[in-house]
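# Residue-level structure breakdown
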Amino acid sequence: MAKVAVVTGGTRGIGEAISKGLKEAGYVVAANYATRDEAAFKFRDETDIPVYKFDVANLESCQEAIGNIESDLGPVDVLVNNAGITYDAPLHRMSAEQWTSVVHTDLDSVFSMSRSVIEGMRARNFGRIINISSINGQKGQFGQTNYSAAKAGVIGFTKALAQESAAKGITVNCVAPGYIATEMVRAVPEEVLNTKILPLIPTGRLGECPEIARCVVFLAADDAGFITGATLTANGGQYLT
Ligand code: NDP
């Protein structure tokens, strides 16, 4: 029977490519989103992938949504924690709201979603949890103490849960993308891209969303069971850990 995969923030950007990549690889996919109904319905109509609107920053919403997804599609075998936001400012100008909104959405969500599926995965002796971190969680980034802390936290969470879960057939890994050609990055003026960003990337180009999806599909596979606690870096050689 086809395995069930849940992708948070799975209707736009990198998450959209992950949802499509997993579907192409034979998974039954559920894609989550937060507020943008129009984009989500367009995605659903184009891909035939069902969409689920809930806030990944809230544990109760996650638990309720996983219950709904499991009664619609079956037990969750693969969880991709992809939803994330940025809210940049240097620390001396950062508000408490800027800090907490990013930490809630980018880090607490990884706890809430993983907590909602882990007991079922343990009972069935199989699971794949794949967390989308970031190059900026590995190297830090000016103006992103909140985001860098959350994304570094995701890497620590991954390593700890990998150790707890290995004996139960559950792997937990991270993918750490560099600059990817999403809406947000495409909005950067061409001159800034050419003079400030591309010279930092040895491949001389931005990454594409399907290149991140490829990493996720690889880690989700049944025969990827010996890879756990790892961070798969996909950044065009920009930062080598
Ligand atoms: P986008 O902004 O394009 O999409 C974000 C997705 O997450 C949307 O589907 C959005 O829903 C959803 N989302 C946001 N907040 C919540 C929430 N509270 N609850 C549920 N869903 C939510 O993001 P990207 O594709 O750019 O990034 C995806 C991931 O990759 C993020 O974790 C990001 O940090 C990481 N990343 C991105 C890089 C890049 O270059 N773009 C580089 C490195 C890491 P809605 O459509 O309703 O807003």
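Everything discussed here concerns the structure shown above.
Throughout what follows, the structure given in this document is the object of discussion. Everything numeric in this text was worked out from a predicted model, so none of it was measured.

## Quick notes on the overall build of the chain
- When helices and strands are tallied, the chain shows nine helices and seven strands.
- Relative to the 2.2 N^0.38 estimate, which gives 18 Å for 241 residues, the radius of gyration of the chain is 17 Å and therefore close to what a compact globule would have.
- When its C-alpha atoms are laid out on the principal axes, the chain stretches across 50 × 40 × 35 Å.
- The buried share among the 241 residues of the chain stands at 49%.
- Put simply, 69% of the contacts in the chain that link residues at least 6 apart link residues at least 24 apart.
- When the accessible area of the chain is evaluated, it comes to approximately 11600 Å², of which 54% is carbon and sulfur surface.
- If the 21 positive side-chain charges of the chain are averaged to one point and the 26 negative ones to another, these points end up 5 Å apart.

## What to know about the site of the ligand
- Lining the immediate environment of the ligand, one finds 29 residues, of which Arg-12, Thr-35, Arg-36, Asn-82 and Tyr-147 sit closest.
- Within the side chain of Asp-55, an N or O atom sits 2.9 Å from a nitrogen atom of the ligand.
- Ile-180 places a main-chain nitrogen or oxygen 3.0 Å from an oxygen atom of the ligand.
- Starting from 910 Å² of accessible surface for the ligand in isolation, the protein chains cover 90%.
- For the shell around the ligand, the residue count by class is 13 nonpolar, 12 polar and four charged.

## Side note on the packing of aromatic side chains
- The tally for this structure, following the rule as stated, stands at zero aromatic pairs.
- Positioned above the aromatic ring of Phe-126, the side-chain terminus of Lys-3 is 4.6 Å from the ring centre.

## Observations concerning the packing of helix α3 (residues 59–73) against helix α4 (residues 96–124)
- With their axes 7 Å apart at the nearest point, α3 and α4 run at an angle of 40° to one another. Taken together, the axes of α3 and α4 are oblique relative to one another. α4 is crossed by α3, and the crossing has right-handed handedness. Across the interface between the two elements, Leu-59, Cys-62, Gln-63, Ile-66 and Glu-70 from α3 touch Phe-111, Ser-112, Met-113, Arg-115, Ser-116, Val-117 and Arg-124 from α4.

Basis of the calculations
- Residues numbered from 1 in each chain as written.
- Predicted model: local features only at pLDDT ≥ 70, side-chain atom pairs only at ≥ 80, totals over all residues.
- Heavy atoms only, no water.
- Helix = DSSP H or I, 4+ residues; strand = E, 2+ residues; numbered from the N terminus.
- Rg over C-alpha atoms; globule rule 2.2 N^0.38 Å.
- Buried < 20%, exposed > 50% of the residue type's maximum accessible area, 1.4 Å probe, protein only.
- Contact = heavy atoms within 4.5 Å.
- Areas by Shrake-Rupley, 256 points an atom, 1.4 Å probe, with all protein chains shown as cover.
- Lys, Arg positive; Asp, Glu negative; His and termini not counted.
- Charge placed at Lys NZ, Arg CZ, Asp CG, Glu CD.
- Near = heavy atom within 4 Å.
- Polar contact = N/O pair within 3.5 Å; in protein donor to acceptor, adjacent residues only side chain to side chain.
- Nonpolar A, V, L, I, M, F, W, Y, C, P; charged D, E, K, R; others polar.
- Phe/Tyr/Trp six-rings, centres within 6.5 Å; stacked < 30°, edge-to-face > 60°.
- Lys NZ or Arg CZ within 6 Å of the ring centre and 35° of its normal.
- Axes fitted to C-alpha atoms, helices over the stretch in contact; angles between N-to-C directions.
- Parallel < 35°, antiparallel > 145°, perpendicular 65-115°, else oblique.
- Left-handed = near helix turned anticlockwise from the far one by under 90°.

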